[in-house]
Amino acid sequence: MECMEGQTLSAGLAKGVAVVVGYELQRLFPSTKKEKQDSILSADVHVECERMDDALEKSKQDLDTFNAVAAEKPSLAAAVKLLSAHATMASEIAILAKERVSSDLVGVENALDSVVSQWVSRLQQIDNEFLRERETDVRDVGQRMMRHLLGILPTRHIDFPNGAVVVARELVPSDAIALSSSGVVAVVTQFGGKLGHTAIIARALGIPAVSGIANVIQRIASGATLLVDGESGVILAEPTAVQQTQFDARMSDARRQSVLEDLVDAGPCKTRDGTAISLLGNVGLQGEIEQIRRRGLAGVGLFRTEFLYLQSQLRPVAEAQRHIYAEMAEGLGDRPLVIRTFDLGGEKLPPFLSLDSHIAPSSLNLRGLRFSLVERDLLREQLTAIVQVAQTADVRILFPMVIGSHDFKQAIAVVEDVMKDCDAIRRPQIGAMIETPAALFDLDAILELADFIAIGTNDLTQYLLAADRELSAENDDVTALHPAVLRAIEKVVVAAKRWNCPLCVCGEEAGEVEFAELLIGLGVHELSVSPSRAIAIRATIADIDLAVASVLAKRALTCQSPHEVRELLTQASRSELQTELEQSSSPMLGIGP
Ligand code: PEP
Ligand code: MG
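In short, a report on the structure. (Residues numbered from 1 in each chain as written. Chains lettered and ligands numbered in written order. Predicted model: local features only at pLDDT ≥ 70, side-chain atom pairs only at ≥ 80, totals over all residues. Heavy atoms only, no water.)

Notes on the overall build of the protein chain
Then step 1. Per the secondary structure count, the protein chain includes 23 helices and 16 strands.
Then step 2. Taking all 593 residues of the protein chain together, 53% fall into the buried category.
Then step 3. Across the protein chain, the fraction of contacts at a sequence separation of at least 24, relative to all contacts at a separation of at least 6, is 70%.
Then step 4. Within the structure as shown, the protein chain displays about 25500 Å² of accessible surface, and the carbon and sulfur contribution to it stands at 52%. (Helix = DSSP H or I, 4+ residues; strand = E, 2+ residues; numbered from the N terminus. Buried < 20%, exposed > 50% of the residue type's maximum accessible area, 1.4 Å probe, protein only. Contact = heavy atoms within 4.5 Å. Areas by Shrake-Rupley, 256 points an atom, 1.4 Å probe, with all protein chains shown as cover.)

Comments concerning the site of ligand 1
Then step 1. As a matter of local geometry, ligand 1 sits amid 15 residues, with Arg-304, Glu-435, Asn-458, Asp-459 and Arg-469 nearest to it.
Then step 2. Interatomic distance of 2.8 Å between a side-chain N/O atom of Arg-340 and an oxygen atom of ligand 1.
Then step 3. Taking Glu-435, its side chain carries an N or O atom lying 2.8 Å from an oxygen atom of ligand 1.
Then step 4. In isolation ligand 1 offers 290 Å² of accessible surface; the protein chains occlude 100% of this area. (Near = heavy atom within 4 Å. Polar contact = N/O pair within 3.5 Å; in protein donor to acceptor, adjacent residues only side chain to side chain.)

Some details on the pairing of strand 9 (residues 278–283)
Along a regular strand, successive side chains alternate from one face of the sheet to the other.
Then step 1. Here strand 9 lies mainly inside the structure; five of its six residues are buried.
Then step 2. Relative to strand 16 (residues 526–529), strand 9 runs parallel, the two sharing four bridges. Bridging across to strand 16, Leu-279 finds its partner in Leu-527. (Pairing = 2+ DSSP bridges.)

A word on helix 13 (residues 376–390)
Then step 1. Compared with an ideal rise of 1.5 Å per residue, which puts 15 residues at 21 Å, helix 13 spans 20 Å between its outermost C-alpha atoms and is within 8% of the ideal.
Then step 2. Residues Leu-378, Leu-379, Gln-382, Leu-383, Thr-384, Ala-385, Ile-386, Val-387, Val-389 and Ala-390 constitute the buried set of helix 13. (Expected span 1.5 Å × (residues − 1).)

Looking at the coordination of the magnesium ion (ligand 2)
Then step 1. On the protein side, the magnesium ion (ligand 2) has Glu-435 (OE) and Asp-459 (OD) as donor atoms, found 2.0 to 2.1 Å from it. Of the two residues, Glu-435 sits in the loop between strand 13 (430–434) and helix 15 (437–440) while Asp-459 sits in helix 17 (residues 457–465), which places them 24 residues apart along the sequence. Across the pair, exposure class does not vary: Glu-435 and Asp-459 are buried alike. (Donors = N, O, S within 2.8 Å, 3.2 Å for Na, K, Ca; no water.)

Let's talk about the packing of aromatic side chains
Then step 1. This model, assessed by the stated rule, comprises three aromatic pairs.
Then step 2. Aromatic side chains Tyr-309 and Phe-342 sit 5.7 Å apart centroid to centroid with 85° between the ring planes, which places their arrangement in the edge-to-face category. Pair noted here: Tyr-309 is in the loop between strand 10 (300–304) and helix 10 (318–332) and Phe-342 is in the loop between strand 11 (337–340) and helix 11 (351–354), with a separation of 33 residues, a long-range link. For the pair Tyr-309 and Phe-342, a shared accessibility class is recorded, and that class is buried.
Then step 3. Centre to centre, the rings of Phe-399 and Phe-408 are 6.4 Å apart; their planes meet at 75°, and the pair counts as edge-to-face. The same class applies to Phe-399 as to Phe-408, namely buried. (Phe/Tyr/Trp six-rings, centres within 6.5 Å; stacked < 30°, edge-to-face > 60°.)

Details of the packing of helix 17 against helix 18 (residues 483–498)
A pair of packed helices is characterised by two quantities: the angle between their axes and the separation of those axes.
Then step 1. Packing of helix 17 against helix 18 leaves a shortest axis separation of 10 Å and a crossing angle of 120°. As summarised for this structure, helix 17 and helix 18 are arranged oblique, according to the angle between their axes. Crossing angle aside, the handedness with which helix 17 passes helix 18 is right-handed. Facing Thr-457, Leu-460, Thr-461, Leu-464 and Leu-465 of helix 17, the residues of helix 18 in contact are Ala-484, Val-485, Ala-488 and Ile-489. (Axes fitted to C-alpha atoms, helices over the stretch in contact; angles between N-to-C directions. Parallel < 35°, antiparallel > 145°, perpendicular 65-115°, else oblique. Left-handed = near helix turned anticlockwise from the far one by under 90°.)

What about the pattern of salt bridges?
Then step 1. As enumerated under the stated definition, the model contains 28 salt bridges in all.
Then step 2. Between Arg-256 and Asp-253 there is a salt bridge, with the nearest N and O atoms lying 2.5 Å from each other. With a gap of three residues between them, Arg-256 and Asp-253 both fall in helix 8 (residues 241–263), about one helical turn apart.
Then step 3. We classify Arg-256 as exposed; its relative accessible area is 52%.
Then step 4. For Arg-340, the salt bridge goes to Glu-306, with nearest N and O atoms at 2.7 Å. Of this pair, Arg-340 sits in strand 11 while Glu-306 sits in the loop between strand 10 and helix 10; the two residues are 34 residues apart in sequence, bridging distant segments of the chain. The burial state of Arg-340 is the same as that of Glu-306; both residues are buried.
Then step 5. What emerges from the salt-bridge pattern is a single network uniting Glu-306, Arg-340, Asp-343, Lys-348 and Arg-367. (Salt bridge = Lys/Arg side-chain N within 4 Å of Asp/Glu carboxyl O.)

Some thoughts on the side chain of Thr-457
Then step 1. Structurally, Thr-457 is set in helix 17.
Then step 2. When sequence neighbours within four positions are dropped, the list of residues in contact with Thr-457 reads Ala-480, Ile-489, Val-505, Gly-507, Glu-508, Glu-509 and Phe-515.

Pasting the structure below:
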């Protein structure tokens, strides 16, 4: 038995069998040459060379498949050229690797590794940026062949058996989405933060996820029985019979509890002193609409539409999207459906886009609305679907990562143009996500244009604190509880009040009890949370005294660190504050709600 402790990304308990996936091969091709001993007999040379030929053949088949997709689109002409260059490169690498197998009598993986490493380090020394950048292509081609040699597939190609616990160094969002159609019961990784999209997807799927386990793919063997505790972040590998029995009992209790929760009539969502709070849900999968209903949520405050297409080889067209949005809107009845347009780019690059040579996979490359304004056709297709559904349902448009009034205005113009094309009469409400630092400095101009705004604290935190949200599990300073983020939120709340513009907070941490209380104290009356957090947050809200929450929030704004904010929110200091308030002649210490 081995016990490992990590951070919880998605709550819940699961018992299953480990399936270790090692799709990340970059590190097989370091830029400095490695010396490896992996000698073979001369009699085995031809077998190794045949393996290389086989890997080359399969790599070329992959490239042909991509080519077929790229050839259909004029804007992908550059990708078609690149793919043909990759095929030529693959043949050259294979020839060199086979030569090395027979001259050095080494295994073909070793030969491939050293050929690619040598090629890469030669390119790195060239004083020409264009040629130096070809290094990435060489690595890519090498990785593809290595994958075929080792029989290691990207996770999206694996058919996971029922009861599988996926164990990986990290999962990108498109890998995580692939889990939705499989029998995976939990995810255990080395990297990945609570605010990252992979964690968000795990929560949407309702499966526990734990990250922060060092060397996880070395420590857990495929086939090992695992107990995954998404409440405490503890993983037990090869547990004893007693541990399994105890865990089984906890799982049964949790199942019973969740059935009971579903039966509870949610009732109106109000603070202890009767202030109504609108509690909505964040969704990324069509099936989550059922959760919105079951948890008595007031509607969908954020639909992350890009999740629908993270695995798609083909560009999404209006018709298919119209069906999905219409079905979801119907499932919600009178409740609103806020559809966020595709928030693509960075780590969210579906196959239909990753072939485009002008789109680099970087979190600070084209993102969100800026991406959509470049990929206008994609945006127009999506807006057409939304506008059509909005003619008969309460469907609203939300643009992600708005930078300022300039890009927001362009986005609104596209909606209006699409409306003309569709002969639409009803203009859906149009909102802006406030999640970039730039937007904080153009708030009035954005608010003048917006029908509503939504604060995305995941990205706002990431970009304000210059810390990757995917790594937040390793650093508890990277949180919306950081006073800098709280001050930013306060600024937005004040501006939204001035413009009388509805405001919602939809970052993941709105589903955390302490942060939700601070938000309400700051004057936020609309929260959109993961449906799995609805019951806990509703209970928190019911327990909130608005006067106490306002004072707590004001004090939090003067703190210097998340640690200080957390101290402030402890039960002891809260009770102290309550007493102070009760004794004070001034009902709110001079601070209004
Ligand atoms: C956010 O950034 O807070 C947000 C809600 O959007 P996403 O998590 O999808 O980036
Ligand atoms: Mg965001």
